Amino acid sequence: MANYAWPSRDEAQVIGKKTSRLDGVAKSTGTAKYTYDVNLKGQLIAKALGCPHAHCRITKIDTSPALRVPGVVHVEVLRDAGSEIEWQGEILAVVAAETEGAAAEGVKAIRVEYEPLDVFVKDYDLEAAERAGRTSSGGGRVQTEREPGPNDDEDKFADAEIERLLKASKYVVEGFYGIDPITHCCLEPHGSTVEFKDGKLLAYLSTQNVSGTDDGFARDLNLTASDVEVRCDYIGGGFGSKFAPDYWGVAAARISQKTGRPVKFMLDRDLELKLAGNRPSAYLKVRVGADENGVIQVWDSHHWGTGGATGGAVSQNVVPYVLVPKNYRRRVTNIKTNAAPARAWRAPNHPQACAISQTVIDDLARVMGKDSYDVFLANLVNATNGKADVYREQMRIAAELMGWKEKYHLHGKGPRNGSIVEGLGMALHTWGGAANNSSCTLRIRPDGSVESWCGTQDLGTGTRTVCAMVLAETFGLSPADVRVNIGSSKYPVSGASGGSTTVGGVSESHRRAAQDALEKLFALVAPKLEAQAEQLEAVGGRIRVKGAPQRSISWKEACALLGDMPLEVTQSYRSGTPSPLSSSQVAGVQMAHVAVDLETGVVRMKKFVAVQDQGLVINPKTCASQIYGGVCMGIAGALFEQRIMDPETGAFVNCELSDYRLPRLGDVGEIIVHLYEPDSERQRGVVGNGEPPVISPIAAISNAICNATGVRVPVAPYTPQRVLEALQRRA
Amino acid sequence: MRRQLELVVNGEARRLELEDQRSLLSVLRDDLGLYGAKYGCGEGHCGACTVLVDGVPRRSCTTQVGTVAGKEITTVEGLEHDGKLHPVQQAFLEEEAFQCGYCTCGMIMGACGLLRRNPRPTAAQIRTFLDGHLCRCGTYQRIVAAVQRASRLLQGAQP
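Only a predicted model underlies this, so the values are computations on that prediction, with no experimental measurement involved. (Residues numbered from 1 in each chain as written. Chains lettered and ligands numbered in written order. Predicted model: local features only at pLDDT ≥ 70, side-chain atom pairs only at ≥ 80, totals over all residues. Heavy atoms only, no water.)

Draft legend 1. Quick look at the overall build of chain A. Helix and strand counts for chain A stand at 19 helices and 30 strands. Computed over the C-alpha atoms, the radius of gyration of chain A is 28 Å, within 12% of the 27 Å expected from 2.2 N^0.38 for a compact globule of 731 residues. Referenced to the eigenvectors of the C-alpha coordinate spread, the extents of chain A come out at roughly 80 × 75 × 65 Å. Across the 731 residues in chain A, those meeting the buried criterion constitute 65%. Considering only intrachain contacts with a sequence separation of at least 6, the fraction spanning at least 24 residues in chain A is 79%. On chain A, roughly 26,400 Å² of surface is accessible, and the fraction owed to carbon and sulfur atoms is 47%. Computed over 81 positive and 85 negative side-chain charges, the separation of the two mean positions in chain A equals 2 Å. (Helix = DSSP H or I, 4+ residues; strand = E, 2+ residues; numbered from the N terminus. Rg over C-alpha atoms; globule rule 2.2 N^0.38 Å. Buried < 20%, exposed > 50% of the residue type's maximum accessible area, 1.4 Å probe, protein only. Contact = heavy atoms within 4.5 Å. Areas by Shrake-Rupley, 256 points an atom, 1.4 Å probe, with all protein chains shown as cover. Lys, Arg positive; Asp, Glu negative; His and termini not counted. Charge placed at Lys NZ, Arg CZ, Asp CG, Glu CD.)

Structure, rendered in C-alpha cells:
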C-alpha cells in the first residue's frame, strides 16, 4: 500500500495552482445538461396542486374533472380526504399530461374542499407561541466555574451564580437579537425526469446526493436500490436542500410506473420557495457580563425559533458562538409553526448562532466605548475550538485588507456625509468540513489514457476539476489528460455533498486510488530504468528516476508496459479515518464596511473582506469562488432575503422572485478573499470550505450598521424599514 | 392561436406550427432542443432565460413566440463561430464567472446585449445593465470582471 501524502508546496505541479474548471465550456455554451434540460421521448409533464391553506383538513378531493381535461393522462392523489395539511403549498395531487399547459389546466380542474384549522406563524413572538401551545423545550445547559454544593438546588444555584457574576461584572450588556427564516431558493427548482421501464427506474434528479437517493425511490416502488439509477451531471443549486428524492420525485416515479411513460416533474417557483427548503429562524434574549478588558465572564441566554411544522430551533450547542465564556446558561425553546419543515441550509445552525451571539460582542464594545476589533481580540481567550492563534492572525490580515485602523471610529461617532454614515464590523466562525465517505475506481489503459468513476456530484463547487487535479498531480499529467466520470449512482459510492465534506472525500479517494495505481506502474517501469520502484517519480508526463531525470520514459511508454490489460484500482476513504490527506475544523474572520442612509434606512455594502482557512487548497480558483459565493449569500441574508408570511393566514406572501429579494450585481460591493494557507494549515490536508464563508456575514454586517449608526438593528434582514425603526427608537 | 410561424434562430430560418401565445422559452427548449436558456422564475425576474432578439436582450419566458416571428433570435448556442467561443464566453471562462452555471447562459446573453450597445462599459454600467440577472451562487464580482475582460477582447486589446 502506498504511503499516502500530498506533495510539498514546492513539489506540487498541479494542486495549489489556479485551474479553470473542466466543465466551464459546457456551462458557458449551453451544452451542460441540467435535470431541467432532460426531456425523454414520450414523456408526460407533471404539475402539482399545492394546498392554498397553511393549516386545514381536506374534507373532499375530486380529481375527476382533471381527468376530463384533454391531454391529462393521470392524476396521482397524494393527500386524501381527512388529511391534515400543516403548511401552505403541501402537494395534494400531481397531474401528468401530454403538455405543460394541459397539466396546468388539470391542476386547476381539481376540486378540493377544506376545513380551516388554527394557524400560527409568528415564530418571533415567544409569548404568542406559548399562548398558542406551539412551544416545546429544545434543551439547555448551565456551566459555571463554581460548582453547586451537595445540598444546593442546581437551578437555584445557577440563578444565584449568574446574578452574582453579572453583578461583579464591570460591563453588562442586555439585548435582543434575531434572524428571520429564509429559503434555499435554488435557481434550478427541485425535480426530476424519471423513466420506469422493464422493472427498472432511471431517475434524472437534481440532487446533491447521487449515491444516496436510489434507495429512496426503490423503497416506495417496491424495487431494490440496484434497480434504480440516479443521474445528475449538472445541478442548478442545492445549498443543503437536495439530499433526497423527495415525495414529489417519488410521485413522478410512481406515475411513470403506472402509465409506462417517462415523467418530468419540476416544481414551479412558488412551490420551490414554499416547500423545498428553508432555514430556521432564531431570536435571542441575552445578558452578558464582562471584565474591565471586555472579556465576557458570564452569558445568560434564551433563544427560540422555528424549523416549521416539525419545530426545531437553532441548536443550543452553538450558542454562544465560538467564543464561549467559562460561565454560561443557555436554553432553547422550539416553536412549531405552519410552515414547511426546514432543511439543512448551508452551515446549519452556524449563521444564525453567529448572528445572534457575535452581535453581542460588538454591543459590548459599543457600551465600553472601545474598538470592536480589540474586544473581539480580548475574547479570543474564550475560543473553544483551539483556534485562537489562527483567529488572531486572520484578524490582523483582514484588518489590513479592510484598512480597519484607518477607517474605524467608535460606534455612531463617524463623520456624516449628508444623510450617509459609514461603519465597520467583524465576526468570526468555525466549521468542521471533514472528508465524507468516497470511493473511486481508476483505470489506466495501455494507451496511456486515464479515466475515473466516482458517485459524487459537482454542485458548481468544482468537484470534477478537483478530482482531475488530484489524479493529474499524482501521475505527473495535466488535468485535461484525465477523464473524470461523476454523477451516477452506478459509480462507486461517494457521500452526499453537504457540510463541506466533498472536497476532502474525493481528494482522499482519488489520491489513494492514484497512488496505489502509480505504485503498480512503478513496479513495471523500474526494471526498464534499472532502478527500484521507490526511486521513481511521475513528473511532467514522464516517469523518471529521482535525482536522475535523464533516466526516464514517457507516461505513454510506461502504460504500454501494461500489455493488453488495463490497470484498474478502486480505493475508498471512510469518513473519520485519520489521514494525512484531509482534516477538519477551520477558522475564518470576516469584516464588513457599510454605508447607511439615515433618512431612508438603506444599507449599502461598500467592501467585504473574508479571510478563510481550509487546510490545503487544491484549486485556489474554485476555492475562492466558494468564498465569494458564501459572502454573497451572507449579504443576501443580512440585507435582502426574508420569508414573509401573513400572520393571520400563514400564506407565504413573497414566494415569487419578483418579491423574494435577492442581491443583484450592484448590491454586494467589493469583496476581497484571502485564502489563509500557511504551512501550519496546509500540512493538515484538505478541509471543505463550502459552509464557513456563509456564516459570518450577517453578524459582521449587523455590527457594521451598528458601528455606523450607533444603534443596533436587532433582527436580520436589516431592511430599510427595520433600520428606520431602530433609529426612531433611539430618537 | 395555432399558426405557422417562421422563427430565425441562430441564423437559421425554421417554419413551425405553434400556439403563438406560447413562451419563446418553451419553444426554444421543447421544440428546438436549445437548452441554454433556462427556466428560473417564469416571470422575467431572474434573467436565466435571456436571449437576444434583433440584438437586444429579452426574457424568453415572458416573450410570446408569436411576437418574435421573423426576428433574429440568438441563443447562447448561436454565439460560437468556426468552433471558437465568443469573446464573452471566453471571458466568463477565464474569469471563472460561474459556479453551478444555471444563470450563466442568460448572463452571457445579457452581457452580449450590453456590449453591442456599449462596447466599453464601466463597472457601474455593467452592474446597472445586468441588474435583472440573478446568480444565487454569488459570483457577481467575477461576472463584472468577465464583462470587462470581454469588452477588452472584443476591442482586440490584451485582456
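Now that the structure has been shown, the text picks up again.
Draft legend 2. Helix α3 (residues 100-109) of chain A, seen in detail. Residues and elements named next belong to chain A. What α3 keeps buried is the set Ala102, Ala103, Gly106, Val107 and Ala109. Down the axis of α3, the buried side of the element spans an arc of 160°, and every buried residue falls inside it. Buried residues along α3 sit against β1 (44-50), α2 (64-67), β3 (72-77), β5 (91-97) and β6 (111-116). (Arc of directions from axis to C-beta.)

Draft legend 3. Seen up close, the side chain of Ser439(A). Residues and elements named next belong to chain A. Here Ser439 lies in strand β20 (residues 438-444). Polar contacts involving the side chain of Ser439 include one to the side chain of Ser572, which spans 2.7 Å. Not counting residues within four places of it along the chain, the set of residues in contact with Ser439 comprises Trp453, Cys454, Pro492, Val493, Ser494, Ser509, Gln571 and Ser572. (Polar contact = N/O pair within 3.5 Å; in protein donor to acceptor, adjacent residues only side chain to side chain.)

Draft legend 4. Highlighting the sheet that holds strand β28 (residues 603-613) of chain A. If you walk across this open sheet you meet the five strands as β18-β19-β27-β28-β29 (chain A), and the pairing is mixed. Strands at the two margins of the open sheet, each flanked by one partner only, are β18 (416-417) and β29 (670-676) of chain A. (Pairing = 2+ DSSP bridges.)

Draft legend 5. The arrangement of the interface of chain A and chain B in detail. In this complex, chain A contributes 53 residues to the contact, which on the side of chain B involves 45 residues. The contact between chain A and chain B buries some 4,100 Å² in all, and 56% of this surface belongs to carbon and sulfur atoms. A per-residue breakdown of the area chain A buries against chain B is headed by Leu187(A), Arg664(A) and Leu665(A), which together make up 21% of the total. The interface formed by chain A and chain B includes four salt bridges. Lys38(B) serves as the salt-bridge partner of Asp37(A), at 2.6 Å between the closest nitrogen and oxygen. Top contributing element to the side of chain A that touches chain B by residue count: helix α16 (residues 620-640) of chain A, with 10 residues. Taken together, the residues that form the side of chain A that touches chain B break down as 22 nonpolar, 19 polar and 12 charged. (Buried area = accessible area lost by both parts, 1.4 Å probe. Salt bridge = Lys/Arg side-chain N within 4 Å of Asp/Glu carboxyl O. Nonpolar A, V, L, I, M, F, W, Y, C, P; charged D, E, K, R; others polar.)

Draft legend 6. Broad picture of the environment of Arg14(B). Residues and elements named next belong to chain B. Positionally, Arg14 belongs in strand β2 (residues 12-19). Expressed as a C-alpha distance, the spacing of Arg14 and Leu134, which sit 120 residues apart in the sequence, is 31 Å. Ignoring any residue separated from it by four or fewer positions in sequence, one finds Arg14 in contact with Leu5, Glu6, Leu7 and Leu32.

Draft legend 7. Structural detail: the sheet that holds strand β3 (residues 50-53) of chain B. Residue and element names in this part refer to chain B. Pairing is mixed across the open sheet formed by five strands, whose spatial order is β2-β1-β5-β3-β4. Edge positions in the sheet fall to β2 and β4 (56-59), since each of these pairs with one other strand and no more. For this sheet the average axis-to-axis angle between neighbouring strands, irrespective of direction, equals 40°. Its contacts with the sheet place helix α1 (residues 24-31) against β1 (2-9), β2, β3 and β5 (72-74), and it is angled at close to 110° to β2. (Axes fitted to C-alpha atoms, helices over the stretch in contact; angles between N-to-C directions.)

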